[in-house]
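Okay, here's what each chain looks like letter by letter:
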Amino acid sequence: MALLPVLAPARLHLPGRALPVHDTAASRQIEARALQAQTEAGQLMARAGLAVARLALTLGRPEGTFWVLCGPGNNGGDGLVAARWLHRQGHAVRVILAGSPEQLPADARQAFIDAQAAGVPFAEALPPHPFRARAVIDALLGLGQTRPLEGRLAELARWSNEQTGPVLSVDLPSGMNGDTGQPTGDVTVRAQATLSLLTLKPGLFTGQGRDLAGALWWDDLGAHPNQEPGPATAWITGEEDARSLYPPRQHGQHKGSFGDLWVLAGARGMTGAALLAGRSGLAGGAGRVYVSLLDQHPPLDCDPVHPELMFRRPDAWQAPDVLESATVVCGCGGGDAVRLLLPEVLARARRLVLDADGLNAVAADGGLQDALRARADRGLVTVLTPHPLEAARLAGRSSSAIQADRIAHARALAAQLRAVVLLKGSGTVVATPMDSCWINPTGHGGLACPGSGDILAGWLGATWSAQPASGDAVTDAARVAAASAWLHGRAAMQAQPRPHGPVLADTLIAAMAGQLNAGA
Ligand SMILES: NC(=O)C1=CN([C@@H]2O[C@H](COP(=O)(O)OP(=O)(O)OC[C@H]3O[C@@H](n4cnc5c(N)ncnc54)[C@H](O)[C@@H]3O)[C@@H](O)[C@H]2O)[C@@H](O)CC1
Ligand SMILES: Nc1ncnc2c1ncn2[C@@H]1O[C@H](COP(=O)(O)OP(=O)(O)O)[C@@H](O)[C@H]1O
Ligand SMILES: [K+]
């Protein structure tokens, strides 16, 4: 496979099909097999270096010098091959090699010898700032980075961040953990683009990875990780998969075809959260949407903006069959009141989306945790939608610990609570108790605003309510969660391609509704 654009948010380029990502351990296995399959030494590195050079020419400015910063491992070797290609084609290039050539691993050492033989200019000193390279190629560290950048490597990374030309990171931004998307220390290269080699790494899609890596490109160097025997670490949700949950409506369908949604939310002072979830549920296509506010004296019995929302008494959901037949969204703006109804909701709701204060109540009460876990044995399915702080409460950790490894924590929570977990934030992670995992590629910081989580919960409930029962209800719920996060983020990108502020709730709901008709 040749160079492939994976994520270019500014151009709304997103993966069409789901893409596999492989963590460091899995990538190392694929690398070992690919190296074994080489027909001559250095073949993979030659392909990698050529791909880097081609992309640098595409992304670099029309003039100036390519500065190629090469580290002590094979990532540096990729940079050296790229430098040789660029030099051979007559472009101005300077290479800085951090470390001694004698200590380079075999392939990188050969790349160094070849570069020298080709007359590639090497430099010791960096040009002073202000400086603008044609492009900086960050080939300091890749998959082998195990500790924070220090000394010369840190100095080169800082210099790269301060110069004003574009930066292309090879495989990973140097100073970023490829599994988690977190910086390994104080200094990390911040790239305009990253070319992932052999495999896509999960950290490029979550945590701080999106900000550090920039636009994502991929070259599998002919290794076809899609066809690998081992399972992928996770999958990046593809547009086709997400949109497949929103097929064109048939002439013969009616309201009953799309299910009932009950929103149990909006304690005193937080009516808005219930309204947003309900309105989003309407836009998401639920057949009928009922709202029971968690307030003994509800301030509203109608939404004047969306009179099609049906308000019901605070205890109406307790009627026979309601929880058993509807999809329930519980806890948005639930305050303390949600605690009281959770035992019954957990015991009865067939399909349950638990959000916000519903999650906080479970986190604070071991009995509710047991009741949540017990649902799985009875075929009752739950989707939990924590943001990192709510996930931290559920896991008994800090939110920074959750963010330090979002994928691992989403997985651990799903296993611990026997529920589908949708961990919100940049690179939303959906994990199941069976350990399958999706990472969402859409969305941006414009979603970091009040109400966007309530909207996601309502939408997810509506998407789920329209799904027929199947033999694998948990996987279905996870697909619903992944598709909902995809569409939520995609709508934000459409409403604000380059966010400088929040995507306000009404704009977001309208954009999500618009997305239903935007697919092929
Ligand atoms: N082996 C090959 O032929 C291929 C290698 N590839 C490239 O090789 C990379 C992996 O190469 P390596 O395994 O050599 O890993 P790196 O190039 O990331 O370098 C690892 C080396 O850097 C050292 N190191 C790690 N963190 C450091 C720090 N903070 N400060 C100083 N030194 C540090 C390690 O001790 C090790 O010697 C991939 O990311 C990819 O770019 C790909 O091109 C595919 C082909
Ligand atoms: N930086 C970001 N990039 C992508 N999505 C984000 C970002 N910040 C927030 N979001 C999304 O916005 C929503 C916010 O939800 P939440 O924090 O629960 O908000 P609220 O409780 O105010 O409704 C989630 O879907 C989350 O994934
Ligand atoms: K790098």
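Once a new chain begins, its residue numbering starts again from 1 and follows that chain's sequence as written. Labels are handed out in written order, letters beginning with A for the chains and numbers beginning with 1 for the ligands. In keeping with the predicted nature of the model, local features appear solely for residues at pLDDT of at least 70, side-chain atom pairs appear and are counted solely at 80 or more, and the whole-chain, interface and lining totals rest on all residues. No hydrogens and no water enter the side-chain calculation; it runs on all heavy atoms of the structure.

An unreviewed UniProt entry lists the protein chain under the name Bifunctional NAD(P)H-hydrate repair enzyme, with Ideonella dechloratans as the source organism. UniProt positions are given in the numbering used here, feature names are shortened, and annotations may be inferred rather than shown by experiment. For the record of the protein chain, the UniProt heading Subunit (unreviewed entry) holds the text "Homotetramer."

Note on terminology: pairs of cysteine sulfur atoms within 2.5 Å are recorded as disulfides. Under the criterion given, the structure shown has zero disulfides. Between Cys332, a free cysteine, and Cys330, which holds the nearest cysteine sulfur, the sulfur-to-sulfur gap is 8.1 Å. Relative accessibility thresholds used throughout: buried, under 20% of the residue-type maximum; exposed, over 50%; partly exposed, between the two (1.4 Å probe, protein chains only). The class for Cys332 is buried, based on a relative accessible area of 0%.

Right, let's talk about the site of ligand 1 for a bit. If you check the shell around ligand 1, you find 24 residues, and the closest are Arg28, Asn74, Asp78, Gly142 and Asp171. Take Asp78: an N or O atom from its side chain is 2.7 Å from an oxygen atom of ligand 1. In this structure, Gly144 approaches ligand 1 through a main-chain N or O atom, which is 3.0 Å from an oxygen atom. Accessibility throughout is a Shrake-Rupley quantity obtained with a 1.4 Å probe, and a residue counts as covered only by protein chains that appear here. Contact with the protein chains removes 84% of the 870 Å² of surface that ligand 1 exposes when unbound. One can see that ligand 1 is located within the second largest pocket. Secondary structure is summarised from DSSP: a helix means a run of H or I of at least four residues, a strand means a run of E of at least two, and numbering begins at the N terminus for each. Those elements that provide at least two residues to the shell around ligand 1 are helix H1 (24-36), helix H2 (43-59) and helix H3 (74-88). Polar here means any residue other than Ala, Val, Leu, Ile, Met, Phe, Trp, Tyr, Cys and Pro, which are nonpolar, and Asp, Glu, Lys and Arg, which are charged; Gly is therefore polar. When grouped by side-chain class, the residues that make up the shell around ligand 1 number eleven nonpolar, seven polar and six charged. Throughout this document, a residue counts as near a molecule or strand when at least one of its heavy atoms sits within 4 Å of that molecule or strand. Definition of a polar contact: a pair of N or O atoms within 3.5 Å, with one able to donate and the other able to accept a hydrogen when the atoms are protein atoms, and with sequence-neighbouring residues admitted only if both atoms are side-chain atoms. A cavity here means a set of points on a 1 Å grid, drawn over the protein atoms and nothing else, where a 1.4 Å probe fits but cannot get out; a pocket is an open set with protein on both sides within 12 Å along at least five of seven lines, and a residue lines either one if it has an atom within 4 Å of a point. For a cavity or pocket, the test is whether more than half of a molecule's atoms lie within 2 Å of its grid points; if they do, the molecule sits there.

Below, the discussion takes up the domain arrangement of the protein chain. The domain boundaries assigned to the protein chain delineate domain 1 (4-236) and domain 2 (250-515). Throughout, a residue-residue contact means that at least one pair of heavy atoms, one from each residue, lies within 4.5 Å. Counting residues at the interface gives 19 residues for domain 1, matched by 19 residues for domain 2. Regarding the contact of domain 1 and domain 2, the summed buried area is about 1,600 Å², with carbon and sulfur atoms giving 60% of it. Note: buried area is the sum, over both parts, of the accessible area (probe 1.4 Å) each one loses when the two are combined. Ranking the residues of domain 1 by area buried against domain 2 places Leu12, Leu14 and Thr206 at the top, with a combined share of 30%. Each salt bridge in this description consists of a side-chain nitrogen of Lys or Arg and a carboxyl oxygen of Asp or Glu lying within 4 Å of one another. Summed over the shared surface of domain 1 and domain 2, the number is zero salt bridges. It is strand S9 (residues 234-236) that provides the largest number of residues to the side of domain 1 that touches domain 2, a total of three residues. When its residues are assigned to classes, the side of domain 1 that touches domain 2 shows twelve nonpolar, five polar and two charged. Each domain's extent is set by a domain assignment, obtained either automatically or from a database.

Ligating atoms shown are N, O and S within 2.8 Å of the metal, or 3.2 Å for Na, K and Ca, and water is not included, meaning a site may look less than complete. Donor atoms from the polypeptide that coordinate the potassium ion (ligand 3) comprise Asn75 (OD1), Asp138 (O), Leu141 (O), Val170 (O), Leu172 (O) and Ser174 (OG), at 2.6 to 3.0 Å from the metal. The buried category is assigned to Asp138, whose relative accessible area is 1%.

On to the pattern of salt bridges. Overall, the coordinates contain 15 salt bridges when judged by the stated rule. The shortest N-O distance in the salt bridge between Arg268 and Asp295 comes to 3.2 Å. Remark: Asp295 occurs in the loop between strand S11 (288-294) and strand S12 (310-312) and Arg268 occurs in the loop between strand S10 (260-267) and helix H8 (271-283); sequence separation between them is 27 residues. With a relative accessible area of 57%, Arg268 lands in the exposed category. The salt bridge partner of Asp355 is Lys424, with a shortest N-O separation of 3.4 Å. On the criterion of sequence distance, the pair formed by Asp355 in the loop between strand S14 (351-354) and helix H11 (356-363) and Lys424 in the loop between strand S16 (420-423) and strand S17 (429-431) is long-range, its members being 69 residues apart. A relative accessible area of 1% places Asp355 in the buried class. Put simply, Glu324, Glu344 and Arg348 are held in one network by salt bridges that share partners.

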